[in-house]
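# A closer look at the structure
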Amino acid sequence: MKRTLFASVAIVAAACVSVPVSAEEMKAEVIHWWTSGGEAAAVRVFADQFTKAGGTWIDSAVAGAANARNAAISRTVAGNPPTAMQLNTGKQFDELVEGGLLADVDAVATEGNWKGLMPAAITAAATRNGKMYAVPINIHGQNWLWYNKAVLASVGADEPKTWNDAITILDKLKAEGKVIPLAFSGQKNWEQNLFNSVLIGVGGAQMWTGILGKRDASLARSAEFKAVAVTYKKLKDYVDAGAPGRNWNDATNLVIQGKAGMQIMGDWAKGEFIAAGKIADKDYGCTVLSNGSGGYVMGGDVFVFPKAKDPSVTKAQMTLARLMLTPETQIQFALKKGSIPVRSDVDTSALDACAQKGMRYVADKAQQMPSGDMLAPPAMIGALQDAISQYWNTNMSADEFSAKVAAVLKSQE
Amino acid sequence: MRLSLNSRISAITALLPALLVMLVVYIGATGWTVWMSLTNSRMLPNNNFVGLRQYEMLFGNDRWITSVHNIVIYGVLFVSLALSIGFLLAVAIDQRVRAEDTIRSIYLYPYSMSFVVTGLVWQWLLNPTLGIQHVLRSWGFEGATFDWIVRPETAIYCLVIAGVWQASGLVMAIMLAGLRGVDEEIWKATRVDGLPKWRVYVSIIIPMMGASFATAAVLLSTGVVRLYDLSVAMTNGGPGIASEVPAKFVMDHLFERANIGLATAAATTMLITVIAVVAPYFYWRTRKGEMR
Amino acid sequence: MTAAAQPLPAARRSKRMTPARWGLYAFIFITALYFLLPLYVMVVTSLKPMAEIRQGNLLALPVAPSIDAWVKAWTSACTGLTCQGIKIGFLNSLRILVPSVVISILVGSLTGYALSLWRVRGGNILFGTMMVVAFIPYQVFIYPLVRVFSFTGLGQSLLTIVIIHTIFGLPTMTLLFRNYFASLPVELFKAARVDGAGFYQIYARIMMPMATPMIVVAVILQTTGIWNDFILGLVFAGRDNLPMTVQLNNIVNSTQGERAYNVDMAATLLTALLPLVVYFGSGRWFVRGIAAGAVKG
């Protein structure tokens with residue numbers, strides 16, 4: 001067909017033009033879900049570096065993490081895997097490792113001293129049976145609190161440190177009645193995200209790992225957990241009637257416009273502030289609430305490499321793994337993506353105030369909290385999500401909720 | 001009717017592609033689905049037999065029970081409304097109105113757009129702070145409320161509103177094709193008899209359009225059971241799990257929640273339910289003789 | 001005065017506006033509002049800049065309408081590393097659409113014809129099974145089908161996606177044509193058999209020409225379904241044949257990135273244009289009296 005002919009001519013022409021003198025063809029087809037403007041710019045950092053190293057980056061972007069995973073896994077199973085695919089840091093690739101479908105990146109990890117440079121939780125999440133199978137490339141903080149400085153100043157409030165502080169401020173905002181105290185996007189995953197922030201911020205690190213990691217059902221029935229549940233439900237008083245179904249960025253927009261005081265959201269929210277021309281520490285502030293034993297919930301993205309028989313493919317994969325972690329690439333990627341670098345030894349002066357705050361949190365071992373995804377399989381996270389969403393949206397009592405959570409934890413084996 | 005051998009062979013060879021497809025795809029894939037529901041497959045299929053455990057988990061699952069409940073409500077409302085409105089629209093257009101092409105396109109265009117974005121638009125329209133309630137209040141109707149979409153008891157009705165919006169045009173097209181197949185002679189005869197127009201429709205035309213109604217009803221019903229995009233785009237199953245539907249349950253557990261076992265158990269349950277409803281009907285029709 | 005039913009001579013085309021007629025137009029007007037409301041919101045949003053959209057006045061007309069979002073959606077929106085909008089997928093969508101529509105209607109109509117007019121043993125079981133399977137969410141079949149196609153060596157290609165669309169369209173198409181043929185006067189069929197016409201002759205010379213309105217409905221159904229399909233194209237078409245819906249999805253569904261609603265609306269409207277053109281142009285075939293003429297003659 002004409003189009004295929006044109007395409008093949010184009011590829012041949014491009015290959016002739018883009019040079020490198022070496023006859024080796026290093027091609028990497030990468031499946032990922034970064035499709036918006038800012039995300040694309042971040043991916044381009046990797047692609048450019050790969051091209052500089054003599055490779056050809058073939059981009060297969062599919063929006064919607066589940067769609068991208070579906071496409072990648074269908075292809076892997078059909079015997080036509082991509083060179084690299086994106087996943088979230090966590091348990092999503094357990095079965096791929098068990099099935100012997102992934103190549104390990106241990107050699108590159110040792111060479112780059114990843115275990116020394118990355119937070120322990122992150123390297124642990126990428127390791128199976130003692131070998132590293134995934135390349136963590138960034139850290140996204142999930143339990144940030146974003147607030148509009150002018151709105152908080154109007155009720156004489158400072159940046160809150162604990163959830164109690166935050167609730168005091170929310171009360172003041174509600175009493176004043178001029179803005180929505182808490183901007184909220186009523187979709188299941190954000191309801192869960194808000195719950196998680198309360199779980200770590202009020203329950204503390206032990207509660208966090210106990211529930212999500214150890215799956216201790218008795219912990220779910222404790223008085224401390226009930227306190228978490230009650231605090232969570234109380235937040236509903238500060239949310240407006242239009243919250244159900246709202247997209248997360250529309251909630252951020254409320255804070256940006258000064259129509260709401262605060263929002264709990266991951267650090268991808270920063271992109272919205274930046275797109276609207278707001279400046280960190282001037283127009284908006286960012287912090288993580290903790291009662292002293294809490295932490296910074298670290299999520300993020302990794303790349304995994306389906307096992308290939310062709311050595312040139314393996315070469316491309318290891319090249320990718322190496323270059324994604326170089327300090328320069330890490331900084332460039334972080335600047336464009338809004339996440340923070342996964343290496344602790346990079347020069348952070350170019351990062352904005354909130355990102356630098358994030359780096360400080362991560363540098364403190366006591367603050368490093370693995371995300372839910374790193375501790376529990378998707379099925380359990382999903383079941384918890386349903387329970388949390390029911391609790392938030394109906395008259396379910398805190399006791400009933402505790403019982404439901406305990407049941408979910410019990411059923412996981 | 002004596003069929004020549006030649007024609008008989010032709011008839012069977014014409015059905016061969018369908019037969020082949022049916023065997024491989026439908027029975028094979030369905031069989032695989034049922035088998036999966038008896039395993040504990042998570043993200044990738046495995047063959048660890050666990051009996052009916054997935055079904056136990058399914059029927060203890062609040063979200064599934066609510067989904068089933070919702071799809072029944074949605075199904076009944078959606079099919080009856082879309083059929084009625086579609087039929088009325090077709091009758092209206094059949095009256096030789098001006099600008100028929102334009103009007104027909106107005107009714108049909110919703111069908112051309114996938115729900116991913118139109119679902120979002122409907123969400124905006126039905127959101128009390130952004131949409132119709134907000135607009136009504138800004139026009140001075142202070143007490144106007146239309147916040148069905150944020151209340152668990154009524155969220156499913158909002159899906160009906162958007163679903164009917166999209167499907168009525170298609171029903172109209174099917175009905176129009178049926179209406180315009182009605183013989184000229186019949187119309188002439190009714191005018192000779194002096195019957196009022198509406199009587200003609202009720203007593204003569206509608207019974208003659210049995211096939212159109214049947215086709216439209218079946219199409220709508222398959223749409224009901226497969227309802228997914230709309231639930232995701234408009235409410236994402238919310239608030240909470242108030243507008244969850246079975247197809248969304250299957251999809252979410254198949255992909256995002258990496259729980260093939262549970263998802264296929266749900267799909268198998270849907271299949272069994274449909275068979276239970278459809279099979280007796282087919283048996284009855286076959287017993288009655290020629291399927292017409 | 002009731003509305004006349006037969007084709008009017010040109011001179012009598014304009015109708016008298018009776019109360020019944022007013023009622024009819026009122027009904028059409030009110031229902032049209034319900035149908036047009038979302039379209040209005042989409043168009044209006046697509047003409048506003050994001051700053052104005054953020055203010056949240058859904059029904060307000062744009063202060064300074066601009067087609068920037070449309071241009072961006074078509075030519076420069078980011079869909080991954082490439083920022084070329086949705087136009088790059090347009091040809092692919094066409095290449096998938098045309099053969100899929102033609103073949104699925106051909107196979108479906110043939111099957112419906114055989115099932116309705118020729119009593120084949122087991123025909124009802126075949127039809128019943130097809131109908132039952134149509135009720136299963138098709139995504140469940142993706143995984144086994146991927147295995148089957150990779151096993152047969154067809155893998156991911158244009159041919160594969162056309163076959164997939166035909167397979168998934170078979171129940172609906174068969175239903176459409178079977179019911180339609182079954183509702184036609186059986187005298188036609190009997191007369192043709194008496195004349196000695198064979199299976200395919202009756203199909204091609206008599207049944208299909210009479211089924212024009214149903215073919216139009218089938219084209220509408222298939223064009224819309226195949227043109228708007230995303231997941232099947234993503235999994236089965238192969239990287240070089242990805243349809244426009246993949247780019248559309250990448251623009252609209254970004255998980256954590258910024259959402260440009262005006263571009264989303266413009267992209268959706270652009271994608272919908274092709275089916276809309278098909279709908280608008282289908283008017284010519286919704287003509288009265290085809291079947292009637294055949295019977296009389």
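Residues numbered from 1 in each chain as written. Chains lettered and ligands numbered in written order. Predicted model: local features only at pLDDT ≥ 70, side-chain atom pairs only at ≥ 80, totals over all residues. Heavy atoms only, no water.

Chain B carries the name Sugar ABC transporter permease in an unreviewed UniProt entry, which gives Bradyrhizobium niftali as its organism. Among the UniProt annotations of chain B, the heading Subcellular location (unreviewed entry) holds the following wording: "Cell membrane". Under the heading Sequence similarities (unreviewed entry), UniProt records this for chain B: "Belongs to the binding-protein-dependent transport system permease family." (UniProt positions renumbered as here; feature names shortened; annotations may be inferred.)

## Overview of the interface of chain C and chain B
Accessible area lost upon the coming together of the parts is a frequently used measure of interface size. In this assembly, 100 residues from chain C lie in contact with 103 residues from chain B. Roughly 9,500 Å² of surface becomes buried between chain C and chain B when both sides are summed, with 74% attributable to carbon and sulfur atoms. The interface formed by chain C and chain B contains 0 salt bridges. Across the chain C-chain B interface, the total number found is 13 residue pairs in polar contact (both at pLDDT 80 or more). (Contact = heavy atoms within 4.5 Å. Buried area = accessible area lost by both parts, 1.4 Å probe. Salt bridge = Lys/Arg side-chain N within 4 Å of Asp/Glu carboxyl O. Polar contact = N/O pair within 3.5 Å; in protein donor to acceptor, adjacent residues only side chain to side chain.)

## Section: the UniProt feature "transmembrane region" (unreviewed entry) in chain B
All names here are of chain B. According to UniProt, the "transmembrane region" (unreviewed entry) feature falls on residues 12–35, 71–94, 106–125, 154–179, 200–220 and 260–284. Spanning residues 12–35, this segment combines 100% helix with 0% strand, and its end C-alpha atoms are found 31 Å apart. Taken end to end, residues 71–94 is 100% helix and 0% strand, and its two terminal C-alpha atoms sit 33 Å from one another. (Helix = DSSP H or I, 4+ residues; strand = E, 2+ residues; numbered from the N terminus.)

## What to know about the interface of chain C and chain A
On the chain A side, the residues contacting the 33 residues of chain C number 42 residues. Between chain C and chain A, the buried area comes to about 3,200 Å², and carbon and sulfur atoms account for 50% of it. Here chain C is connected to chain A by 1 salt bridge. Residue Arg239 of chain C pairs with Glu29 of chain A through a salt bridge whose shortest N-O separation is 3.7 Å. The tally of links from chain C across to chain A stands at 9 residue pairs in polar contact (both at pLDDT 80 or more).

## A word on the packing of helix 4 (residues 90–117) of chain C against helix 7 (residues 158–183) of chain C
Residues and elements named next belong to chain C. Two elements in contact, helix 4 and helix 7, have axes separated by 6 Å at closest approach and are oriented at 35 degrees. The handedness of the crossing between helix 4 and helix 7 comes out as right-handed. Residue composition of the contact of helix 4 with helix 7, grouped by class: 16 nonpolar, 10 polar and 2 charged. (Axes fitted to C-alpha atoms, helices over the stretch in contact; angles between N-to-C directions. Left-handed = near helix turned anticlockwise from the far one by under 90°. Nonpolar A, V, L, I, M, F, W, Y, C, P; charged D, E, K, R; others polar.)

## Here's the deal with the pairing of strand 1 (residues 26–32) of chain A
Residue and element names in this part refer to chain A. Counting buried positions along strand 1 gives 6 out of 7 residues, so the element sits mostly inside the fold. In this structure, strand 1 lies alongside strand 2 (residues 55–61), joined through 7 bridges in parallel fashion. When the sheet's bridge partners are listed, Ile31 is paired in strand 2 with Ser60. Handedness of the β-α-β unit built from strand 1, helix 2 (residues 37–52) and strand 2 comes out right-handed. (Buried < 20%, exposed > 50% of the residue type's maximum accessible area, 1.4 Å probe, protein only. Pairing = 2+ DSSP bridges. Right-handed = clockwise from strand over helix to strand, strands pointing away.)

## Brief notes about the sheet that holds strand 14 (residues 368–370) of chain A
All names here are of chain A. Spatially, 3 strands are ordered 7-12-14 in an open sheet, and the strand pairing comes out mixed. Two strands close off the open sheet at either side, each with one partner strand: strand 7 (140–141) and strand 14. Sheet topology places strand 12 (residues 296–299) next to strand 14; 3 bridges connect them, and they run parallel. Across the sheet, Met298 pairs through a bridge with Pro370, a residue of strand 14. Contacts between helix 10 (residues 188–213) and the sheet are confined to strand 12 and strand 14, with strand 14 contributing the most and set at about 75 degrees to the helix.

## With respect to empty space enclosed by the protein
Taken as a whole, this structure holds 12 cavities of 30 Å³ or more when the rule is applied. Residue lining of the second largest cavity: 16 residues in total, with Asn70 of chain A, Met43, Leu254 and Phe255 of chain B together with Tyr143 of chain C positioned closest to the centre. The element best represented in the lining of the second largest cavity is helix 3 (residues 65–77) of chain A, accounting for 5 residues. Considering only residue class, the lining of the second largest cavity consists of 12 nonpolar, 3 polar and 1 charged. (1 Å grid on protein atoms, 1.4 Å probe; cavity = no way out; pocket = protein on both sides within 12 Å on 5 of 7 lines; lining within 4 Å. Points joined across faces, edges and corners; volume = space filled by probe spheres on them.)

## Focus: the state of the cysteines
Tallied over the entire structure, the rule returns 2 disulfides over all chains. What pairs with Cys286 of chain A in a disulfide is Cys354 of chain A, and their sulfur atoms sit 1.9 Å apart. Between Cys286 of chain A and Cys354 of chain A, the disulfide has an S-S torsion of -110 degrees and is therefore left-handed. Separated by 68 residues along the polypeptide, Cys286 of chain A in strand 11 (residues 284–288) and Cys354 of chain A in helix 17 (residues 353–363) bring together distant segments of the chain. Note on accessibility: Cys286 of chain A and Cys354 of chain A belong to one class, buried. Through a disulfide, Cys78 of chain C is tied to Cys83 of chain C; the S-S separation comes to 2.0 Å. Judged by the sign of its S-S torsion, about 95 degrees, the cystine formed by Cys78 of chain C and Cys83 of chain C is right-handed. You can call Cys83 of chain C partly exposed: its relative accessible area is 25%. (Disulfide = S-S within 2.5 Å.)

## Section: the nonpolar core
One finds Tyr74 of chain B together with Phe181 of chain C to be the most contacted residues of the largest nonpolar core, which totals 275 residues. When residues of this core are assigned to their parent elements, the largest contribution, 16 residues, is made by helix 7 (residues 155–179) of chain B. Aside from chain neighbours lying at most four places away, what touches Phe181 of chain C is Ser109, Gly112, Tyr113, Ser116, Leu117, Met207, Met208 and Ala211 of chain C. In terms of nonpolar packing, the next biggest core, distinct from the first, is built from 56 residues, Ala157, Ile169, Val198 and Ala217 of chain A among them. (Core = buried A, V, L, I, M, F, W, Y, C linked by side-chain atoms within 4.5 Å.)

## Focus: the pattern of salt bridges
Across all of its chains, the model carries 23 salt bridges over all chains by this definition. Glu244 of chain B serves as the salt-bridge partner of Lys188 of chain A, at 2.6 Å between the closest nitrogen and oxygen. Linking Lys188 of chain A in helix 10 with Glu244 of chain B in the loop between helix 11 (229–235) and helix 12 (246–256), this pair reaches from one chain into another. We classify Glu244 of chain B as buried; its relative accessible area is 0%. Of the charged contacts in the structure, one is a salt bridge between Asp345 of chain A and Arg343 of chain A, with a shortest N-O distance of 2.9 Å. On the basis of relative accessibility, which here comes to 41%, the residue Asp345 of chain A falls in the partly exposed class. Beyond isolated ion pairs, a larger network of salt bridges with shared partners links Lys188 and Asp386 of chain A together with Arg63, Glu244, Lys248, Asp252 and Arg257 of chain B.

## Remarks on the packing of aromatic side chains
All names here are of chain A. For the structure on display, the rule yields 42 aromatic pairs over all chains. For the pair Phe195 and Phe225, a centre-to-centre distance of 6.2 Å together with 65 degrees between the ring planes defines the contact as edge-to-face. One end of the pair, Phe195, is in helix 10; the other, Phe225, is in helix 12 (residues 223–234), with 30 residues separating them in the sequence. What makes Phe195 buried here is its relative accessible area of 4%. Members of the aromatic cluster, joined through ring pairs, are Phe184, Phe195, Phe225, Tyr232, Tyr391, Trp392 and Phe401. Its guanidinium or amino end placed over the ring of Phe93, Arg128 lies 4.4 Å from that ring's centre, counting from NZ or CZ. (Phe/Tyr/Trp six-rings, centres within 6.5 Å; stacked < 30°, edge-to-face > 60°. Lys NZ or Arg CZ within 6 Å of the ring centre and 35° of its normal.)

## Examining a nonpolar patch on the surface
Taken together, Ile12, Leu16, Leu19, Leu20, Leu23, Val24 and Ile27 of chain B together with Val148 of chain C make up a surface patch of nonpolar side chains, about 680 Å² in accessible area. In terms of residue count, helix 1 (residues 5–36) of chain B provides more of the nonpolar patch than any other element does, 7 residues in total. As for its placement among the helices and strands, Leu20 of chain B is situated in helix 1. (Patch = residues over 30% accessible without salt bridge, like charges linked within 9 Å, V, L, I, M, F, W, Y side chains within 5 Å. Areas by Shrake-Rupley, 256 points an atom, 1.4 Å probe, with all protein chains shown as cover.)

## Here we look at the sheet that holds strand 11 of chain A
All names here are of chain A. Across the sheet, 4 strands lie side by side as 9-10-8-11; this open sheet has mixed pairing. For this open sheet the edge positions go to strand 9 (180–182) and strand 11, each flanked by a neighbour on one side alone. Between one strand and the next, the sheet's axes are offset by a mean angle of 25 degrees, whatever the strand orientation. Strands in contact with helix 13 (residues 248–256) are strand 8 (144–148), strand 9 and strand 10 (260–265); relative to strand 10, the strand with the most contacts, it is inclined by about 145 degrees. Here helix 17 sits on the sheet and contacts strand 8 and strand 11; the angle it forms with strand 11, its principal contact strand, is near 10 degrees.

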